[in-house]
Amino acid sequence: MIPKKRILVVDDEMDFVKMLQARLRIEGYEVLVAEDGIKGVQIARQEKPDLIILDIMMPGMDGHSVFDTLKKSILTWSIPVIYLTAKTGQADELLAMEKGARYYLTKPYNPAMLLEMVK
């Protein structure tokens, strides 16, 4: 049996996370959750997921800081990141892409599009 791909969702909106988690599980992914950036970094280092879906606006450590921290660590620098955020400004999208994000998707999002990006 092929092991399930593991996705870490880092987002502080738990209702949103539950919906996203259900969608990803239906598609056969194992889903890890962190409700803030600090936990997100810890889980990424411990679990080394195949992909990270990252929000920008979170308490404590925002998504851009999480991304920077992950990219500086030998343990997590190679994990691809998809930003999924309510921030629709071009400046945030440009910053994310310059940092090396794989994709940038805004909420409300198109589930089919996200699943394509995840694949």
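Everything below is about the structure printed above this text.
Residues numbered from 1 in each chain as written. Predicted model: local features only at pLDDT ≥ 70, side-chain atom pairs only at ≥ 80, totals over all residues. Heavy atoms only, no water.

A. Layout of the overall build of the chain. Summing up its helical and strand segments, the chain has 5 helices and 5 strands in all. When the elements of the chain are put in sequence order from the N terminus, they spell out β-α-β-α-β-α-β-α-β-α. The C-alpha radius of gyration of the chain comes to 13 Å, within 12% of the 14 Å expected for a compact globule of 119 residues. Dimensions of the chain, computed from the C-alpha atoms along their principal axes, are close to 40 × 30 × 25 Å. Looking at the chain as a whole, 45% of its 119 residues are labelled buried. (Helix = DSSP H or I, 4+ residues; strand = E, 2+ residues; numbered from the N terminus. Rg over C-alpha atoms; globule rule 2.2 N^0.38 Å. Buried < 20%, exposed > 50% of the residue type's maximum accessible area, 1.4 Å probe, protein only.)

B. Broad picture of the packing of aromatic side chains. Inspection of every chain in the model, using the stated rule, returns 3 aromatic pairs. Taken together, the ring pairs connect Phe67, Tyr83 and Tyr104 into an aromatic cluster. The lysine or arginine in question, Lys107, covers the ring of Phe16, its NZ or CZ lying 4.3 Å from the ring centre. (Phe/Tyr/Trp six-rings, centres within 6.5 Å; stacked < 30°, edge-to-face > 60°. Lys NZ or Arg CZ within 6 Å of the ring centre and 35° of its normal.)

C. Representation of the environment of Leu8 in the model. Inspection of the secondary structure puts Leu8 in strand β1 (residues 6-10). You can call Leu8 buried: its relative accessible area is 0%. With 44 residues separating them in the primary sequence, Leu8 and Ile52 have C-alpha atoms 4.7 Å apart. Every residue in contact with Leu8, bar those within four places of it in the chain, is listed here: Leu32, Val33, Ala34, Gly40, Ile43, Ala44, Pro49, Leu51, Ile52 and Ile53. (Contact = heavy atoms within 4.5 Å.)

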